[in-house]
Amino acid sequence: MFGITFLTFALIYFSPGDPAAMLLSATGVAPSPELIQQVREEMGLNKPFLIQYLHWLSGVLKGDFGTSYKYSKPVLDLIMVSLPATFKLAGVSLFGMMVISLPLGIMSALYKNKALDYMIRFISFLGISMPGFWIGLLLMYIFSIKLKILPVMGDSGWKSIILPAVTLIIAMASKYTRQLRAAILEEISQDYVIGARARGVKEKVILLRHVLQSSLLSIITLLGISLGSLLGGVVIVETIFSWPGVGKLAIEAIFSRDYPLIQGYVVWMTVIYVLINMMVDISYCFLDSRIRLEKRI
Amino acid sequence: MEDFILFIKKNKLFAFLCILVLILALMCLFVPYIAPNDPLKTNMANSLQGRSSQFPLGADNLGRCLLSRLLYGAVTSLKLTFCLVIIVFIVGTTVGTLAGYFGGIADTIIMRLSDIFLAFPSIIFAIAIVGILGASSINTVMALLIVDWVKYARVSKSLVISIRKKDYIKAAKMGGAKEYQIIFKYILPNIIPSLVVMATMDLGTMMLQISSLSFLGLGAQPPTPEWGNMLNEGKDYMQTVPGLMIYPGVGIFVTVMIFNLLGDSMRDILDPNTEY
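Described below are features of the structure shown in this document. Computed from a prediction, not measured in an experiment: that's the story for all the values here.

**A closer look at the overall build of chain B**
Okay, step 1: Helix and strand counts for chain B stand at 11 helices and zero strands.
Okay, step 2: Order of helices (α) and strands (β) in chain B, N terminus to C terminus: α-α-α-α-α-α-α-α-α-α-α.
Okay, step 3: If you take every contact in chain B between residues at least 6 apart in sequence, the share linking residues at least 24 apart comes to 68%.

**Quick notes on the environment of B:Leu71**
All names here are of chain B.
Okay, step 1: As for its position among the elements, Leu 71 is in helix 4 (residues 66-102).
Okay, step 2: Exposure remark for Leu 71: the 21 C-beta atoms within 10 Å place this residue in the buried category.
Okay, step 3: Along the primary structure Leu 71 and Glu 233 are separated by 162 residues, whereas in three dimensions their C-alpha atoms are 16 Å apart.
Okay, step 4: Apart from the residues within four sequence positions on either side, Leu 71 is in contact with Val 31, Ile 34 and Ala 35.

**Remarks on helix 6 (residues 122-133) of chain B**
Residue and element names in this part refer to chain B.
Okay, step 1: If you check helix 6, its first and last C-alpha atoms are 16 Å apart, about what 12 residues at 1.5 Å a residue would give, namely 16 Å.
Okay, step 2: Of all 12 residues in helix 6, 12 are buried, a share of seventy percent or more.
Okay, step 3: Within helix 6 the residues assigned to the buried category are Ser 122, Ile 123, Ile 124, Phe 125, Ala 126, Ile 127, Ala 128, Ile 129, Val 130, Gly 131, Ile 132 and Leu 133.
Okay, step 4: Trailing helix 6 by a residue or two, Gly 134 shows a phi angle of about 105°, which is positive.

**Some words on the nonpolar core**
Okay, step 1: One finds A:Ala250, A:Ile262, A:Tyr265, B:Ala126 and B:Ile127 to be the most contacted residues of the largest nonpolar core, which totals 114 residues.
Okay, step 2: Here this core takes 14 residues from helix 8 (residues 159-188) of chain A, the largest share from any one element.
Okay, step 3: In contact with A:Ala250, not counting residues within four places along its chain, are A:Val235, A:Ile262 and A:Tyr265.

**Observations regarding the packing of helix 9 (residues 179-215) of chain B against helix 10 (residues 227-234) of chain B**
What describes two packed helices is the angle between their axes and the distance between those same axes.
Residue and element names in this part refer to chain B.
Okay, step 1: Their axes nearest at 7 Å, the elements helix 9 and helix 10 cross at an angle of 35°. The two elements helix 9 and helix 10 meet at a crossing, and its hand is right-handed. Judged by residue contacts, Ile 210, Ser 211, Ser 212, Leu 213, Ser 214 and Phe 215 of helix 9 engage Trp 227, Gly 228, Asn 229, Leu 231 and Asn 232 from helix 10.
Okay, step 2: Its residues placed into classes, the contact of helix 9 with helix 10 shows five nonpolar, six polar and no charged.

**Side note on the packing of helix 5 (residues 75-110) of chain A against helix 8 of chain A**
Residue and element names in this part refer to chain A.
Okay, step 1: Packing of helix 5 against helix 8 leaves a shortest axis separation of 6 Å and a crossing angle of 35°. Considering the relative orientation of helix 5 and helix 8, their crossing is right-handed.
Okay, step 2: Tallied by class, the residues present in the contact of helix 5 with helix 8 amount to 19 nonpolar, six polar and two charged.

**Considering the environment of A:Val246**
Residues and elements named next belong to chain A.
Okay, step 1: On the secondary structure map, Val 246 appears in helix 11 (residues 246-255).
Okay, step 2: Residues Val 246 and Leu 78 lie 168 residues apart in sequence; the distance between their C-alpha atoms is 8.6 Å.
Okay, step 3: Apart from the residues lying within four places of it in its own chain, the contact partners of Val 246 are Ile 79, Ser 82, Leu 83, Thr 86 and Tyr 265.

**Re the environment of A:Leu110**
Okay, step 1: Looking at the secondary structure, you find A:Leu110 in helix 5.
Okay, step 2: As for A:Leu110 and A:Met172, which are separated by 62 residues in sequence, their C-alpha atoms are 21 Å apart.

**Considering unusual backbone geometry**
All names here are of chain A.
Okay, step 1: With a phi close to 45°, Ser 242 is a non-glycine residue in the positive phi region.
Okay, step 2: Of note, Ser 242 is situated in the loop between helix 10 (203-241) and helix 11.
Okay, step 3: Taking the number of C-beta atoms within 10 Å as the measure of exposure, Ser 242 has 14 and is therefore partly exposed.

Quick notes on the rules
Residues numbered from 1 in each chain as written. Chains lettered and ligands numbered in written order. Predicted model: local features only at pLDDT ≥ 70, side-chain atom pairs only at ≥ 80, totals over all residues. Helix = DSSP H or I, 4+ residues; strand = E, 2+ residues; numbered from the N terminus. Contact = placed C-beta atoms within 7 Å. Buried ≥ 20, exposed ≤ 12 C-beta atoms within 10 Å, placed from the backbone. Expected span 1.5 Å × (residues − 1). Core = buried A, V, L, I, M, F, W, Y, C linked by C-beta atoms within 7 Å. Axes fitted to C-alpha atoms, helices over the stretch in contact; angles between N-to-C directions. Left-handed = near helix turned anticlockwise from the far one by under 90°. Nonpolar A, V, L, I, M, F, W, Y, C, P; charged D, E, K, R; others polar.

This is how it looks when you write it as structure tokens:
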């Protein structure tokens, strides 16, 4: 985590644009050399790199992410205002993805190399080859412009979440279904399944009690990875549908070279991502008795 | 020659996909002769015009020929994708091989560095990097290189470690072979096939990454035609001329699909045991 913040900070430090000039032009003042020098002094930009970084870092630890150049508001406030919208969108998409992928992935693995499996694989293959933003635009064209049943953009009531969420779901569910299929197939080919079959255990019992239970670990790991790519996909979808979340905020920050805001966004996303991974790791302890017992001994 | 025919007969899908890729490559080479119009020539009189004999797919908002732009866009997109894959491949493999073969402090540093990158959703980091460096095609490739090389370094490192302990390496060492000879003669030939498969499978993903960044306005800058930024320009005219946003998308979709299928069938040929 410190690595990421250090890297982005270094990139910003060595980047061509001068933040002082950016700040001045953002506030509409003509940047004269003396003025830039003065602002640089105020912002502490003349200090050595490491001191700047430590100064920024100590601010972050106190919850102070600096002030956005563009909005002249604290970065933390801006992010806090946008986060709920992103969480809403990500939550709905994640739920939708699970609802679609779990049954499809399991069925695809069970009916391996049958018609149903080929169909699921074909559709999910189409899904992973389609660029997410194109799906979004197509959906927008069909449902908002041609059929006029759903709003084009923005966040106005429950109807407006459908298109962005479906866009994310299509892209993510195709990937997740394929990964699930692979995970379950691997589990089914284990020796204990053959053993159980030989003992005459019913297929249904084998599937529900043994296979699903032991592939739960990989299912959850994959879910963690999907969440990571969800955070990335959200940026694009939010931009297309003008969804007022952090992704859109970040893209706007990039275009106006609002460095504190970019930096704050990166930190927040890293924190969220690390938290997700921690939750995945903790869930292992509950799900896998091997890991749990190992710790006790 | 007979072996070659047999190989094609056995792997029809693979051969077919190779031909498709070849066609794509030839198309890119001969674009100046195929394209009906200059992709950059604007003429407001033709703005948003429908299909005509002069503009087979119509014209965009600035009156530029859509078909020509699509063809030139393919060149830009494919060029960037291949550049990225090749650079990532070389950087990742070199770093990974050295780290795996020599170990030590360099290895530790590289692996910690790659931990940092893995701890973060790559596309967000790439977006942030381009955002900081400034939007352009070169910076996009740079940013994706910074994010993507890690995977290759890790895989090649683990491959090298598994090979390093083999007997024939020890034999070569006893025979007095120099370090670089061992690396080039014994290690690289062994690890490159799996890495090439990985690179082929990644072509599609990387093309999607590049076009996403271009779509966000961070990659290739207008007026250069590129499928991602064409989509971005076309989306504003969705209501009147949907073709502007449909055709570039179809281009990305079909190309990525060809690359994905190619990667899959290549893996099946070289490594028939794994199932996905």
